[in-house]
Amino acid sequence: MPQPAFRRILLKLSGEALMGEDSYGINRQVIDRICGEIAEVVRLGVEVGVVIGGGNIFRGVAPGAAGMDRATADYMGMLATVMNALALQDAMRRAGLQGRVQSALTIEQVAEPYIRGKAIRYLEEGKVVIFAAGTGNPFFTTDTAAALRGMEMSVDVVLKATKVDGVYTDDPKTNPKAMRYQALSFDEAIVKNLKVMDATALTLCRDQKMPLCVFSIFKAGALRRVVMGEDEGTRVHV
């Protein structure tokens, strides 16, 4: 049997990925399918950490947040990621996975505080660790949190799950001639402003030589193909 290309991964899921075709909130079928994909790679022996965004929930309150102090709005977004993390943990239970939520904000009634050593132990035990509340600081995105947690967990690769099956030369929705990059360097992604991740996250990955792969979470079996080292998505490297 072929072996996975990676021993430990950090999966970055946007909150929008949980909406499916809904305008906001969490789509039950979508979250169950995503957990099914995660369960498949866990059964291969791969250790999985997840950083979740909160856009699907914050989108519903965004009009009321217009003109709000940026730090306050960011803290609201962090709380939205905790809600998503709890939903993801519950969906993992239904999929036969053991999930553990660790939050960068202290909310001990619903989630453990983030403790690096404990998170690593959970991964080694085959549990999926869901990192909520971003970095715990305003002005930093969940992309940056994914890069940071990936390095702290000593993962082999950070996988960014999106709605598109990789990084393209242009928007494939508006330009049918847009071509998918099979691989590119961090410097190319930054210079060409390809919006793979925010600049802080990209620079952090580049400086720490952390490989990155962008793929579509809506493409059946894509996560497994990435983990097995097949030609799926776009690889970003130093």
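Residues numbered from 1 in each chain as written. Predicted model: local features only at pLDDT ≥ 70, side-chain atom pairs only at ≥ 80, totals over all residues. Heavy atoms only, no water.

> Where do I start with the sheet that holds strand S1 (residues 8–13) in this structure?
Within a sheet, each strand pairs with its neighbour through backbone hydrogen bonds, oriented either parallel or antiparallel. What the nine strands build is an open sheet, ordered S4-S3-S5-S2-S1-S6-S8-S9-S7; its pairing is mixed. In this open sheet, the two strands that pair with only one neighbour each are strand S4 (112–113) and strand S7 (183–185). Packed on one face of the sheet, helix H3 (residues 70–94) meets S1, strand S2 (47–52), strand S3 (99–103) and strand S5 (128–132) and runs near 165 degrees to S5. (Pairing = 2+ DSSP bridges. Helix = DSSP H or I, 4+ residues; strand = E, 2+ residues; numbered from the N terminus. Contact = heavy atoms within 4.5 Å. Axes fitted to C-alpha atoms, helices over the stretch in contact; angles between N-to-C directions.)

> Before we go on, may I ask you to explain the pairing of strand S9 (residues 234–237) in this structure?
Two faces, one strand: in a regular strand the side chains alternate between the faces of the sheet. Burial of the side chains of S9 is restricted to one face: Thr234 and Val236 are buried, whereas none of Arg235 and His237 on the reverse face is. Of the pairings in the sheet, the one linking S7 to S9 comprises three bridges and is parallel in character. Counted as the bridge partner of Ser185 is His237 from S9. For strand S8 (residues 212–216) and S9, the ladder comprises three bridges, and the chain directions are antiparallel. Across the sheet, the residue bridging to Cys213 is Arg235, located in S9. (Buried < 20%, exposed > 50% of the residue type's maximum accessible area, 1.4 Å probe, protein only.)

> Which parts of the structure should I look at to understand the packing of aromatic side chains?
By convention here, two paired aromatic rings are described through the distance between centres and the angle between planes. Tallied over the full model, the rule gives one aromatic pair. Aromatic side chains Tyr114 and Phe131 sit 5.8 Å apart centroid to centroid with 75 degrees between the ring planes, which places their arrangement in the edge-to-face category. Here Tyr114 is found in the loop between S4 and helix H4 (116–124), whereas its partner Phe131 is found in strand S5, with 17 residues between them in sequence. Sitting above the plane of the Tyr122 ring, Arg100 keeps its charged end 5.7 Å from the centroid. Its end group placed over the ring of Tyr114, Arg149 keeps NZ or CZ at 3.8 Å from the ring centre. (Phe/Tyr/Trp six-rings, centres within 6.5 Å; stacked < 30°, edge-to-face > 60°. Lys NZ or Arg CZ within 6 Å of the ring centre and 35° of its normal.)

> When you look at the nonpolar core in this model, what are you seeing that I'm missing?
A general feature of soluble globular proteins is that nonpolar side chains tend to end up buried together. Ranked by size, the top nonpolar core spans 42 residues in total, and within it Ile38 and Leu159 carry the most contacts. Broken down by element, this core gets its largest block of residues, eight residues, from helix H1 (residues 28–42). Setting aside residues up to four positions removed in sequence, Ile38 forms contacts with Leu11, Val48, Val50, Met92, Leu97, Val128 and Leu223. Grouped together as the second largest cluster of nonpolar side chains are 30 residues, Leu10, Ala119, Ala189 and Ala201 included. (Core = buried A, V, L, I, M, F, W, Y, C linked by side-chain atoms within 4.5 Å.)

> What exactly am I supposed to notice about the pairing of S3 here?
Counting buried positions along S3 gives four out of five residues, so the element sits mostly inside the fold. Across five bridges, the pairing between S3 and S5 is parallel. What sits directly across from Gly99, in S5, is Val128. Pairing analysis gives two bridges linking S3 to S4, with the strands arranged parallel. The residue bridging Gln102 from the neighbouring strand is Glu112, located in S4.

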